[in-house]
Amino acid sequence: MTALIPSPPHRPGRITTRLRGRYDRNLWFAIFVGPFVLGLVVFVYVPILWSIWLSFFDAHNTVTPTDFVGLGNYLDMLKDAAFRSSLLTFIVFALFIVPTTFVASLGLALLVNRARFAKTFFRSVFFLPTACSYVVASLIWKLSIFSGVRFGLMNTVLGWFGIDPIAWLSLTQPPWYWLVIVTARMWLQAGFYMILFLAGLQRISPSLYEAAAIDGATGWKVLRFLTLPQLRATSTAVLLLLLINAFQAFDEFYNLLSSSGQYPPYARPPLVYLYYAALGQGQDFGHGSAGAVILTLQIALVALGQGRFLGLGRRED
């Protein structure tokens, strides 16, 4: 009787082995990362490319246009006084929000880093507003804190000093609405940048502060000549992120200044303008997409210019 000889085990080919990797590392990497990459492509890259494509067409009430207009939409947007005014609004907003948030987050980080007890508690308390919705925060600022009636929190405080109530969001001379917008945005994002500064502060060697103390340096001198130079890379990253986020401002402007969903009468940043241009009554996706591309290019140019001016990526001496 012929003995049964077991067949050799199946071995995958070289191509399959290379694709799967040693111990199937490539396979598991694809399993875990694949869904996120697919979502990124479908919900981010495809809409971006589609928006660029729409910007070259006359796309009214349709996302599959056929009337090619070339750069006509871009020229129309650059000639539009309302769009240029929205870009000016961003510049004003950036001049307000970037330095104030930078100073506030740095100050919070310095205070929390020097705390001798409950450091985790204070870090959590200051970071907690980051988890709050911009829409919710805007409504709280509008209806409770900076309400135009005398029962609002700020008007109540002013009433203690004999000051008449102020219509914070209705006055343009002086433009008190900037105080409402800037404080709402600063409260929401200062905790996040505080965490970044805390990470930078914890990287500074304590021996440097000991050497400064031996030399007699204290207070402002330590901050100016030791702490701030050591936080140069963190400060550059924070300023860059603040500027980009200022370009993307939408929720606070829309929810604070618009009434019953109507177009805000003043202080319209680019995204609010583009929202009404693309999703308003006309639904002009062509001009809206062209404006979005112009805004994206402006963000990229400003970010690159700021990064080069501040030395982002420059090798430390």
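Reading the values: rules and limits
Residues numbered from 1 in each chain as written. Predicted model: local features only at pLDDT ≥ 70, side-chain atom pairs only at ≥ 80, totals over all residues. Heavy atoms only, no water. Helix = DSSP H or I, 4+ residues; strand = E, 2+ residues; numbered from the N terminus. Axes fitted to C-alpha atoms, helices over the stretch in contact; angles between N-to-C directions. Parallel < 35°, antiparallel > 145°, perpendicular 65-115°, else oblique. Left-handed = near helix turned anticlockwise from the far one by under 90°. Contact = heavy atoms within 4.5 Å. Nonpolar A, V, L, I, M, F, W, Y, C, P; charged D, E, K, R; others polar. pLDDT = per-residue confidence, 0-100. Salt bridge = Lys/Arg side-chain N within 4 Å of Asp/Glu carboxyl O. Buried < 20%, exposed > 50% of the residue type's maximum accessible area, 1.4 Å probe, protein only. Polar contact = N/O pair within 3.5 Å; in protein donor to acceptor, adjacent residues only side chain to side chain.

Novice: In this structure, what is going on with the overall build of the protein? I would like to understand it.
Specialist: Scanning the protein from terminus to terminus reveals 14 helices and 0 strands. Mapped from its N terminus to its C terminus, the protein presents α and β elements in the order α-α-α-α-α-α-α-α-α-α-α-α-α-α.

Novice: Looking at this structure, how should I read the packing of helix 4 (residues 81–114) against helix 5 (residues 119–127)?
Specialist: Viewed as axis vectors pointing N to C, helix 4 and helix 5 meet at an angle of 160 degrees, and their least axial separation amounts to 9 Å. In terms of orientation, helix 4 lies roughly antiparallel with respect to helix 5. For the element pair helix 4 and helix 5, the recorded crossing hand is right-handed. Across the interface between the two elements, Leu108, Val112 and Asn113 of helix 4 pack against Lys119, Phe122, Arg123 and Phe126 of helix 5. Split by residue class, the contact of helix 4 with helix 5 holds 4 nonpolar, 1 polar and 2 charged.

Novice: Can you walk me through the confidence of the model for the protein in this structure?
Specialist: Low-pLDDT portions of the prediction should not be read for the details of their coordinates. Mean pLDDT over the protein works out to 82, with 87% of the residues at or above the 70 mark. Mean pLDDT in the protein bottoms out at helix 1 (residues 14–20), which sits at 58, and peaks at helix 8 (residues 177–202), which reaches 91.

Novice: Where do I start with the pattern of salt bridges in this structure?
Specialist: Charged atoms that come close allow side chains of opposite charge to pair. In the structure shown here, the tally under the stated rule is 1 salt bridge. Two residues, Arg185 and Glu252, come together in a salt bridge whose shortest N-O distance is 2.6 Å. Pair noted here: Arg185 is in helix 8 and Glu252 is in helix 12 (residues 251–257), with a separation of 67 residues, a long-range link. A single burial state applies to Arg185 and to Glu252, both of which are buried.

Novice: Mind showing me how you'd approach the side chain of Glu252 here?
Specialist: In this structure Glu252 comes out as buried when scored by relative accessible area, which is 2%. Here Arg185 takes part through its side chain, which lies 2.6 Å from a polar atom of the side chain of Glu252. For Glu252, the residues in contact, after removing those within four places along its chain, are Phe93, Tyr134, Ser138, Ile181, Arg185 and Leu257.

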